[in-house]
Amino acid sequence: MENISQTPFELIDELEHEQVVYCSNKETGLKAIIGIHNTSLGPALGGTRMWNYANDKEALLDVLRLSRGMTYKAAVAGLNLGGGKAVIIGDSRTQKSEQLFRAFGRFVEGLSGRYITAEDVGTNVKDMEYIMMETRHVTGIPEEVGGSGDPSPVTAYGTYVGMKACAHDVYGSDSLEGKKVVVQGAGGNVGKHLCKFLHKEGAKIYVSDMFEEKLKPIVAECNATVVGMDEVYGIDADIFSPAALGAILNDETIPQLKVKIVAGAANNQLKNENVHGQMLKDRGILYAPDYAINSGGLINVYTELEGYNRERAMKKASSIYDIVANIINISKAENIPPHVASAKIAMDRINNVSNAKKIRVYRDMNLFKMRNS
Ligand code: NAD
């Protein structure tokens, strides 16, 4: 597995990136890295993270891992997008400026559409507006300027339908009526919308959040029961839905789980992909791979590239039901954990589409020149 002691080219070779772009501009203070992992299916899309990395190597490793993750996410979601991501090295509370983001935007523009950016941890709508002054290759912009706005309702809807696909496999029916569902981070953007879908279907909801006051409206609207932050793992329920942090499925938490299904929107839920994905399978718990079930957010921005319409985005996100069902089927047929099945589906699609693209299309062929040469 890749690690910080490897040289940049060793890392790029190991994670199989197409292109890594270092962007530096002394005058504006910009230090950024753009990772383009794979563009077989389409332009590499992924957000720009601004983070105070301890050193350049840590930033490189992060952008390489995140951009590779986007390749799998787009591929499994059936989108015509590749995987990319960018990191800006700096403190997002003190080092932001118009010139910094405009300089970054010019580097994005220089890639002529091979990379499309969006918001991520440490960046916001205002920053995207500055980037947009220099390039068209930005997505996830506000509704007022023709964008798709907040992706959370679409992410929540995709998570909800993905959860139903899991229920169908485990309980023989995709109805969530009467099912006990624990939502971690229910006060957040995705969590609160997810609770509304679950409540409408008659699920019994348990909620936790680091900031308990955020739960008050959900308790009132969805008749939810508040549980403590450390209690979530051991609740006697049917489904656990992480919608807060990463790495929460680990050696300490998995043995506590009493649920039959883990299906939630949080990114990077498995602390160690292979170890903890297998551990869940061994315990007979069905895990819906996070990047597949939470791909509603990506589907939302993809819809923006086609001219945004919320109804169409929701309709597209409903395909997450079939995507998750297919992952479960392959996982069972091949006796592999769902996260391995999901990666296989993604890689197969990339390889198959790459094969189809080997058929050359000569749009600009000049017959006159060829006949006379
Ligand atoms: P958010 O910040 O709005 O919500 C997260 C919530 O979790 C917050 O209310 C926070 O107080 C709470 N929280 C943090 N630590 C906690 C803990 N230990 N226990 C309980 N609650 C805790 O974020 P979000 O946009 O709702 O995203 C939630 C997760 O889903 C993140 O992992 C995010 O990366 C992922 N995700 C979000 C989207 C989207 O469209 N917003 C898309 C894909 C993936």
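Cut-offs applied
- Residues numbered from 1 in each chain as written.
- Predicted model: local features only at pLDDT ≥ 70, side-chain atom pairs only at ≥ 80, totals over all residues.
- Heavy atoms only, no water.
- Patch = residues over 30% accessible without salt bridge, like charges linked within 9 Å, V, L, I, M, F, W, Y side chains within 5 Å.
- Areas by Shrake-Rupley, 256 points an atom, 1.4 Å probe, with all protein chains shown as cover.
- Salt bridge = Lys/Arg side-chain N within 4 Å of Asp/Glu carboxyl O.
- Lys, Arg positive; Asp, Glu negative; His and termini not counted.
- Charge placed at Lys NZ, Arg CZ, Asp CG, Glu CD.
- Helix = DSSP H or I, 4+ residues; strand = E, 2+ residues; numbered from the N terminus.
- Domains from an automatic or database assignment.
- Contact = heavy atoms within 4.5 Å.
- Buried area = accessible area lost by both parts, 1.4 Å probe.
- Polar contact = N/O pair within 3.5 Å; in protein donor to acceptor, adjacent residues only side chain to side chain.
- Nonpolar A, V, L, I, M, F, W, Y, C, P; charged D, E, K, R; others polar.
- Pairing = 2+ DSSP bridges.
- Right-handed = clockwise from strand over helix to strand, strands pointing away.

## Some remarks on a negative patch on the surface
Part 1 of the argument: Among the surface-exposed residues, Glu 10, Asp 13, Glu 14 and Glu 16 lie close enough to one another that they form a single negatively charged patch.
Part 2 of the argument: Following the sequence through the fold, Glu 16 ends up in the loop between helix H1 (8–15) and strand S1 (19–25).

## What to know about the domain arrangement of the protein chain
Part 1 of the argument: Per the domain assignment, the segments of the protein chain are domain 1 (8–145) and domain 2 (152–339).
Part 2 of the argument: When each unit is reduced to the centre of its C-alpha atoms, the spacing between domain 1 and domain 2 is 27 Å.
Part 3 of the argument: Taken together, the contact between domain 1 and domain 2 spans 15 residues of the former and 13 residues of the latter.
Part 4 of the argument: Roughly 1,300 Å² is buried in total at the junction of domain 1 and domain 2, and carbon and sulfur atoms are behind 73% of that figure.
Part 5 of the argument: Among the residues domain 1 hides against domain 2, the three largest losses belong to Lys 73, Val 76 and Leu 79. Together they make up 41% of the total.
Part 6 of the argument: Counting across the domain 1 and domain 2 interface gives 5 residue pairs in polar contact (both at pLDDT 80 or more).
Part 7 of the argument: With 5 residues, the top contributor of residues to the side of domain 1 that touches domain 2 is helix H2 (residues 56–76).
Part 8 of the argument: Tallied by class, the residues present in the side of domain 1 that touches domain 2 amount to 11 nonpolar, 3 polar and 1 charged.

## Some points on the pairing of strand S4 (residues 48–51)
Part 1 of the argument: Taken together, the 4 bridges between S4 and strand S5 (residues 82–89) define a ladder with parallel strand orientation. What sits directly across from Trp 51, in S5, is Ile 89.
Part 2 of the argument: Each parallel crossover has a hand, and the one from S4 via H2 to S5 is right-handed.

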